[in-house]
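Architecture at a glance
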Amino acid sequence: MIPTLPRRPLGTTGLTVSVLGLGAGRIGGPETSEADVDRLLATAAELGVTVVDTARSYGASEERLGRALERRRGAFLLSTKLGYGVPGVPDWTGPAVEAGVDGALVLLRTDVIDLLHLHSCPRDVLERGEVVEALHRAVRAGKVRVAAYSGENDALDWAVRSGAFGAVQCSVSLVDQEVLSGAVPEATSRGLGVLAKRPLGNAPWRFETRPEAEDVAEAWERFRALSLDAAGEPWDAVAARFTAFAPGVTSILLGTASPAHLVAVASALAEGPLASAVLGSIRAAHERVGRGWPGRI
Ligand SMILES: NC(=O)c1ccc[n+]([C@@H]2O[C@H](COP(=O)([O-])OP(=O)(O)OC[C@H]3O[C@@H](n4cnc5c(N)ncnc54)[C@H](OP(=O)(O)O)[C@@H]3O)[C@@H](O)[C@H]2O)c1
């Protein structure tokens, strides 16, 4: 029996989220059925997961979540990401955000989206103000609860300092540690919630040889360079505990289509933070070889 997942305040937004969230980037493709999504969400609810993250670019993910969550909408906070991909509307404009919000409300079958992220919006677009203002209008109209930003590096730094967002989403993992001495503590000090994306660093230990997908390959190369020792623990547990208990992280968004993987990570989190010797060696490895690695979008 796994204890129900602890919850944490999402910065000063007034929302509370489970330390483990479901990243729904893996349920948008043809290999996933509606029954698979139902099973995954039923497991998530049983474990006490209270936040689900999707995006306009995750195939059928929003639509499938909308259908599956219609009967249990109250059990989860819904997070999505947009700013692009509206037919006939230029990306990264006010109208793209407005139409994106309205489209997401329809696909997610809800009256309000709890967290709405500008999805890897470039810094110069943020600075122009138009898309941020459109997002704020959606909040004032009651269509969105919390305006949020998802991205990395200089755009993330700008977003954190802008005062325009209640939460940010960024990569935090064994292979994405640079942010732990930058945007994450800065966000915390300003009262922002922090959602950790790619919290297992795309689970690079699974691959004997360099994987094909470029983002996963980069994680694999970093993982090898770090040359870490799991001290006999399973890597998924080490990686999840590292990210979930990193200072400033509110919740980890585990990307999975597998109820068993969700259960495994929830069980690992019940063990609490990593032993200080293990944590120290992971941080030291980053200091040795990882300083300056950019955040992986
Ligand atoms: N804003 C952005 O631009 C952005 C970018 C990337 C990700 N994200 C968010 O972050 C979420 C997670 O990111 P991600 O999927 O790229 O990375 P991740 O969570 O670090 O890794 C996911 C990968 O690990 C596998 N996995 C999950 N649990 C496992 C376990 N216990 N043992 C072994 N393998 C396991 C998954 O496969 P299985 O399906 O087989 O479990 C999947 O291939 C996304 O769903 C999304 O919500 C956002």
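The preceding data block contains the structure.
We now turn to the structure provided with this report. (Residues numbered from 1 in each chain as written. Predicted model: local features only at pLDDT ≥ 70, side-chain atom pairs only at ≥ 80, totals over all residues. Heavy atoms only, no water.)

**A look at helix 9 (residues 235-244)**
Formally: Only protein chains enter the calculation, and the probe is 1.4 Å; a residue is then buried if its accessible area is under 20% of its type maximum, exposed if over 50%, and partly exposed in between. Strands are runs of DSSP state E lasting at least 2 residues, helices are runs of H or I lasting at least 4, and numbering of each runs from the N terminus. By definition in these notes, contact holds between two residues if any of their heavy atoms fall within 4.5 Å.
Most of helix 9 is tucked away: nine of the 10 residues are buried. Within the span of helix 9, buried status applies to Trp235, Ala237, Val238, Ala239, Ala240, Arg241, Phe242, Thr243 and Ala244. Buried-residue contacts for helix 9 involve strand 1 (7-9), strand 9 (193-197), helix 8 (214-226), strand 10 (251-255), helix 10 (259-269) and helix 11 (276-290).

**Some details on the nonpolar core**
Inclusion rule: Joining through side-chain atoms within 4.5 Å is the link that ties buried Ala, Val, Leu, Ile, Met, Phe, Trp, Tyr and Cys residues into a set, and such a set is a nonpolar core.
In terms of nonpolar packing, the biggest core is built from 86 residues, with Leu20, Leu118, Tyr149 and Phe165 touching the most fellow members. With sequence-adjacent residues up to four places away left out, Tyr149 is seen in contact with His117, Leu118, Ser120, Cys121, Leu126, Ala155, Leu156, Ala159, Phe165, Ala167, Val168 and Gln169. By size, the runner-up hydrophobic cluster in this structure holds 11 residues, among which are Leu15, Val17, Ala167 and Leu195.

**So, the site of the ligand**
Heads up, the condition is: For this description, a residue counts as near a given molecule or strand if any of its non-hydrogen atoms is within 4 Å of it. Think of a polar contact as two N or O atoms within 3.5 Å of one another; within protein, one of them needs to be a possible hydrogen donor and the other a possible acceptor, and neighboring residues in sequence only count if both atoms come from side chains. For accessible areas, the Shrake-Rupley method is used with a probe of radius 1.4 Å. Any residue's cover is judged against the shown protein chains and nothing else. Using a 1 Å grid laid over the protein atoms alone, points where a 1.4 Å probe fits but cannot get out form a cavity; open sets with protein on both sides within 12 Å along at least 5 of 7 lines form a pocket; any residue with an atom within 4 Å of a point counts as lining. Occupancy of a cavity or pocket is assigned to a molecule whenever over half of its atoms lie within 2 Å of that pocket's grid points.
Near the ligand, the surroundings consist of 29 residues, among which Arg26, Asp53, Ser150, Thr256 and His261 are the closest. Between Gly23 and the ligand, the recorded distance is 3.3 Å, taken from a backbone N or O atom to an oxygen atom. At 3.4 Å, a backbone N or O of Ile297 approaches an oxygen atom of the ligand. If the ligand stood free it would expose 900 Å²; the protein chains cover 89% of that surface. Structurally, the ligand is housed in the largest pocket. When residues of the shell around the ligand are traced back to their parent elements, those giving at least two are strand 10 and helix 10. Ranked by residues supplied to the shell around the ligand, first place goes to strand 10 with three residues.

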